[in-house]
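For reference, the chains in residue letters:
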Amino acid sequence: MNDSPHTAGSSRTGDTLRFPGGRLRHDHWTALASLAAGHRGGVQLTARGGARIVGADRDPVEVATRDLEAAGLPAGLAHPRARDIIASPMAGRLGGHHDVGDLPRRLEAALLARDEADALHGQMLFGVDDGSGDVLAHSPDLAVVVDGTDGSARVHVAGRAVPYRVAVSDAATVLIDAAVRLTGSAGPTRVPGSGSLHRLVVDALGTHPAAVTAPGPAADAATTGSTTGVVTPRVGWIDTADGLVSLLAVVPDGVVPARLAEFLGAVERPTTISADRVIGLHELTEPMAEQVVRVLAPMGMIFDAESPWAAGAP
């Protein structure tokens, strides 16, 4: 029997677990803690909002599908068709950070449902930006920017705007269709980085029935990143628009020890991992946030924006 990680229904996976948009539930942390403890190691955060289980020697561990399921994690997190999807961690929580809803999850579902997405290999980085520019700063190959409240988003290719908008409800389908058309036309060729738009992708968007030509700068004149001027929080205590608190923190070397991961699960609040490996704990009351800092700071979580470990934070 072929148990290659690229075989559908395989009992083996790669070593990276891809959480769409870096969104984790508290039980995800509990499961990650169990897996890490089994290897006397920790959870290494990736630069794209994902995670790897590392052993005591800090080497990545390839986790079998049966182990994921036993721990309570969906096998789709390590499916060969899964791709990196980064999303703004503070979406909908601060002024200028528009709500992106469940778009990261729907984008993942669209990827897993399309057999043609196998041809994308690991080369496509998808992004969902809330209008703050924090995701665009990473020049994702294909991205949408939710920059208003009209239910639409502007499309970006290789970190730069193209003159098309899509309904947020159609965004997952449009991005996957464009990516599949690229690989079908040009093979597994990576979309060039910022400063060089891939014409095939732009053409695919221009002929897509769900894409609408939008007024704005021409693609070749668009600038990389955000021009919104929205400030993205660094590490620390953030008072959010709903009267609650978000705590943003980093960990040394981007590795969450198994015991700390267990405590993150015990907080029982939504969490995020940003593309800069910043952990966000959200929807906390002030007393809860104070307790989290008192308990987790001595365990290795760094909430101080002046810490050298926070130098790479947004």
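Refer to the preceding data block for the structure.
(A) Up close: the overall build of the protein. The number of helices and strands found in the protein is 7 helices and 15 strands. Counting across all 314 residues of the protein, residues that qualify as buried make up 51%. In the protein, the share of contacts with a sequence separation of at least 24, taken over all contacts with a separation of at least 6, comes to 66%. For the protein, the exposed area adds up to about 13100 Å²; of that, 52% sits on carbon and sulfur atoms.

(B) Highlighting the pairing of strand β8 (residues 152-157). Within β8, 6 of the 6 residues are buried, which leaves the element mostly enclosed by the surrounding structure. Examined bridge by bridge, strand β7 (residues 142-145) and β8 share 4 bridges and lie antiparallel to one another. In the sheet register, L142 faces β8, and the bridge partner there is V157. In this structure, the hairpin formed by β7 and β8 is closed by a connection of 6 residues, where G151 is found at a positive phi of approximately 80°. Relative to strand β9 (residues 160-167), β8 runs antiparallel, the two being bridged by 5 bridges. Residue pairing for β9: V157 is matched across the bridge by R160. Where β8 folds back onto β9 in an antiparallel hairpin, the turn is made up of 2 residues, including A158, whose phi is positive at roughly 50°.

(C) Spotlight on the side chain of T240. On the secondary structure map, T240 appears in the loop between β11 (236-239) and β12 (245-249). Apart from residues no more than four positions distant in its own chain, T240 is found in contact with M90, R93, L94, V245 and S246.

(D) Structural detail: the pairing of strand β6 (residues 125-129). Counting buried residues in β6 gives 5 out of 5 residues, a clear majority hidden from the surface. Here β6 shows a buried face lined by L125, G127 and D129 and a second buried face lined by F126 and V128. Pairing analysis gives 4 bridges linking β6 to β7, with the strands arranged parallel. Within β7, the residue paired with V128 across the bridge is V144.

(E) How the structure looks around the environment of V63. Relative to the helices and strands, V63 resides in the loop between β4 (51-54) and α2 (65-71). Taking the C-alpha atoms as reference points, V63 and T16, 47 residues apart in sequence, are found 8.8 Å from one another.

(F) Just the environment of A171, in detail. Looking at the secondary structure, you find A171 in helix α4 (residues 171-186). A residue is classified by how much of its surface remains accessible, and A171, at 1% relative accessible area, is buried.

Cut-offs applied
Residues numbered from 1 in each chain as written. Predicted model: local features only at pLDDT ≥ 70, side-chain atom pairs only at ≥ 80, totals over all residues. Heavy atoms only, no water. Helix = DSSP H or I, 4+ residues; strand = E, 2+ residues; numbered from the N terminus. Buried < 20%, exposed > 50% of the residue type's maximum accessible area, 1.4 Å probe, protein only. Contact = heavy atoms within 4.5 Å. Areas by Shrake-Rupley, 256 points an atom, 1.4 Å probe, with all protein chains shown as cover. Pairing = 2+ DSSP bridges.

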